[in-house]
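Listed below are the residues making up each chain.
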Amino acid sequence: MGPALDSTATRYGVIGDGHMALHMGCYFESLAVPYRRWSRRLEHDASLSLGTAVGPCQIVLVLINDVAIEPFITSHPELAEKTLVHFSGSLTTPHAQSMHPLSTFAGELYSLSTYATIPFVCEEGPHTFDEIFPELPNPHYTIAQELRPLYHSLAVLAGNCTTVLWSKLFDTFEERLALPRNIAVPYLKQVALNLELAPTNAATGPLVRGDRQTVDANIAALEGDPFQAVYRAFVEAVAPHDATSRP
Ligand SMILES: NC(=O)c1ccc[n+]([C@@H]2O[C@H](COP(=O)([O-])OP(=O)(O)OC[C@H]3O[C@@H](n4cnc5c(N)ncnc54)[C@H](OP(=O)(O)O)[C@@H]3O)[C@@H](O)[C@H]2O)c1
């Protein structure tokens, strides 16, 4: 068990100045929750040391690259007495508990109402979400340790990989087809809306219709493009019996 948390004294330290740290800071500010932020950019200034910055904070959110989290914690004894939380969906470490916000945080900050709807999926550990974040109204869930890799791979496949696909469409419309990139935005919104309204009935197109001729033509049109292999992989995954001729 970690140290008991006194909710009246809870104050947060946030480490990092990347996307996640800036969004979390914005969320705290929207709720008037006090916090202190530190990043390694301040390292050169002794008056802004990590120990000074997070000294009063009982809970420290380590919002830096997954691979850096464990080495950062173990090389900073100032954090030894803190309750440490990270937001990585895949990392497991005895030094900090994972509470993963299931969303995407890029350059634009969000409204309070958007932040408040984002679910947190937590690993089993010494603290509950409510103990760490009594001020946050977010829905939250805890999953078994052994299911976290599957959970995170699904989140990456669905969220991050489709973002790459849509970015490719926007870029190629503009660069090769001389079409305005934003004409595809209503299509993107309808895909998301259909998935929300009728998740089991949202898929359309040649893959689900079993229209092999069109699928073959689509794959041929991507000759020389690395995404041809991605399309083929989708055919294999969605309708293996319809898999088209291989190279
Ligand atoms: N962005 C998302 O959509 C999202 C969603 C859910 C969870 N998360 C999680 O949030 C965490 C942060 O991700 P992010 O998207 O904010 O990444 P990011 O935008 O790339 O920012 C990474 C931050 O980590 C710092 N950093 C990297 N190596 C460091 C080190 N060795 N010591 C100290 N600081 C170091 C960077 O500092 P410099 O600027 O000095 O390099 C930067 O402040 C990750 O655990 C990620 O899995 C992110």
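Residues numbered from 1 in each chain as written. Predicted model: local features only at pLDDT ≥ 70, side-chain atom pairs only at ≥ 80, totals over all residues. Heavy atoms only, no water.

Q: How would you summarise the site of the ligand if you had to cite specific residues and measurements?
A: As a structural note, the neighbourhood of the ligand is formed by 21 residues, with Asp-17, Met-20, Asn-65, Asp-66 and Phe-105 the closest of them. Asn-65 is positioned with one of its backbone polar atoms (N or O) 3.3 Å from an oxygen atom of the ligand. If you map the ligand onto the pockets, it falls in the second largest pocket. If you list the elements that add at least two residues to the shell around the ligand, you get helix 1 (19-30), helix 3 (66-74) and strand 5 (97-101). Per-element accounting of the shell around the ligand gives the leading share, 4 residues, to helix 3. In terms of residue class, the shell around the ligand is built from 9 nonpolar, 8 polar and 4 charged. (Near = heavy atom within 4 Å. Polar contact = N/O pair within 3.5 Å; in protein donor to acceptor, adjacent residues only side chain to side chain. 1 Å grid on protein atoms, 1.4 Å probe; cavity = no way out; pocket = protein on both sides within 12 Å on 5 of 7 lines; lining within 4 Å. Sits in = over half its atoms within 2 Å of the grid points. Helix = DSSP H or I, 4+ residues; strand = E, 2+ residues; numbered from the N terminus. Nonpolar A, V, L, I, M, F, W, Y, C, P; charged D, E, K, R; others polar.)

Q: Run through the layout of surface pockets, naming residues and quoting values.
A: Here the largest pocket is characterised by a volume of approximately 2,000 Å³. Sorting the residues of the lining of the largest pocket by element identifies helix 6 (148-176), helix 7 (185-197), helix 8 (206-209), helix 9 (212-221) and helix 10 (227-238) as the ones contributing at least two each. Here the residues of the lining of the largest pocket sort into 30 nonpolar, 10 polar and 6 charged. As a volume, the second largest pocket reaches approximately 1,400 Å³. Along the wall of the second largest pocket there are 42 residues; nearest its centre are Met-20, His-100, Ser-103, Thr-104 and Phe-105. Looking at the lining of the second largest pocket, the elements with two or more residues in it are helix 1, helix 3, strand 5, helix 4 (112-117) and helix 6. When residues in the lining of the second largest pocket are grouped by element, the largest group, 7 residues, is from helix 6. Taken together, the residues that form the lining of the second largest pocket break down as 20 nonpolar, 17 polar and 5 charged. (Points joined across faces, edges and corners; volume = space filled by probe spheres on them.)

Q: Describe in detail the packing of aromatic side chains, supporting the description with residues and values.
A: Here a ring pair, both rings aromatic, is described through the centre-centre distance and the interplanar angle of the planes. Under the defined criterion, the tally for this structure stands at 15 aromatic pairs. When the ring of Phe-87 is compared with that of Phe-133, the centres are 6.4 Å apart and the planes differ by 65 degrees; the resulting orientation is edge-to-face. Of this pair, Phe-87 sits in the loop between strand 4 (83-86) and strand 5 while Phe-133 is found in the loop between helix 5 (129-132) and strand 7 (140-143), placing the two residues 46 residues apart along the sequence. Across the pair, Phe-133 and Phe-87 agree in class, each one buried. Pairing Phe-120 with Phe-129 gives two aromatic rings, centres 5.0 Å apart and planes at 45 degrees, and the pair type is tilted. Assigned by exposure class, Phe-120 and Phe-129 land together as buried. Grouped by ring-pair contacts, the aromatic residues Tyr-12, Phe-28, Tyr-35, Phe-87, Phe-120, Phe-129 and Phe-133 constitute a single cluster. (Phe/Tyr/Trp six-rings, centres within 6.5 Å; stacked < 30°, edge-to-face > 60°. Buried < 20%, exposed > 50% of the residue type's maximum accessible area, 1.4 Å probe, protein only.)

Q: Requested: an account of the domain arrangement of the chain, with residues and values cited.
A: One can read the domain layout of the chain as domain 1 (7-143) and domain 2 (150-240). The centre of domain 1, based on its C-alpha atoms, is set 34 Å off from the matching centre of domain 2. (Domains from an automatic or database assignment.)

Q: Please provide a residue-by-residue account of empty space enclosed by the protein, values included.
A: Under the criterion given, the structure shown has 2 cavities of 30 Å³ or more. Each pocket or cavity is described by its volume, and for the largest cavity that value is around 60 Å³. In terms of residue count, the dominant contributor to the lining of the largest cavity is helix 1 (4 residues). Considered class by class, the residues forming the lining of the largest cavity number 9 nonpolar, 2 polar and no charged.

Q: Can you tell me about the pairing of strand 1 (residues 12-15), naming the residues and giving the values?
A: Every regular strand shows the same layout, with side chains that alternate between the two sheet faces. Burial along strand 1 is two-sided: the face carrying Tyr-12 and Val-14 and the face carrying Gly-13 and Ile-15 are both buried. Pairing of strand 1 with strand 2 (residues 35-38) involves 4 bridges; the strand directions are parallel. Counted as the bridge partner of Ile-15 is Trp-38 from strand 2. Chirality of the crossover, the property in question, places the unit of strand 1, helix 1 and strand 2 among those that are right-handed. (Pairing = 2+ DSSP bridges. Right-handed = clockwise from strand over helix to strand, strands pointing away.)

Q: Lay out the pattern of salt bridges in plain terms, naming residues and giving numbers.
A: In the structure shown here, the tally under the stated rule is 6 salt bridges. Members of the salt-bridge network, linked through shared partners, are Asp-171, Glu-174 and Arg-181. (Salt bridge = Lys/Arg side-chain N within 4 Å of Asp/Glu carboxyl O.)

Q: Can you lay out the packing of helix 6 against helix 10 for me, pointing to particular residues and giving the numbers?
A: At a minimum axis distance of 13 Å, the contact between helix 6 and helix 10 shows a crossing angle of 130 degrees. On the basis of the axis angle, helix 6 is oblique to helix 10. The two elements helix 6 and helix 10 cross, and the hand of that crossing is left-handed. From helix 6, Val-164, Leu-165 and Lys-168 reach across to helix 10, where they touch Phe-227, Val-230 and Phe-234. For the contact of helix 6 with helix 10, the class distribution of residues is 5 nonpolar, no polar and 1 charged. (Axes fitted to C-alpha atoms, helices over the stretch in contact; angles between N-to-C directions. Parallel < 35°, antiparallel > 145°, perpendicular 65-115°, else oblique. Left-handed = near helix turned anticlockwise from the far one by under 90°. Contact = heavy atoms within 4.5 Å.)

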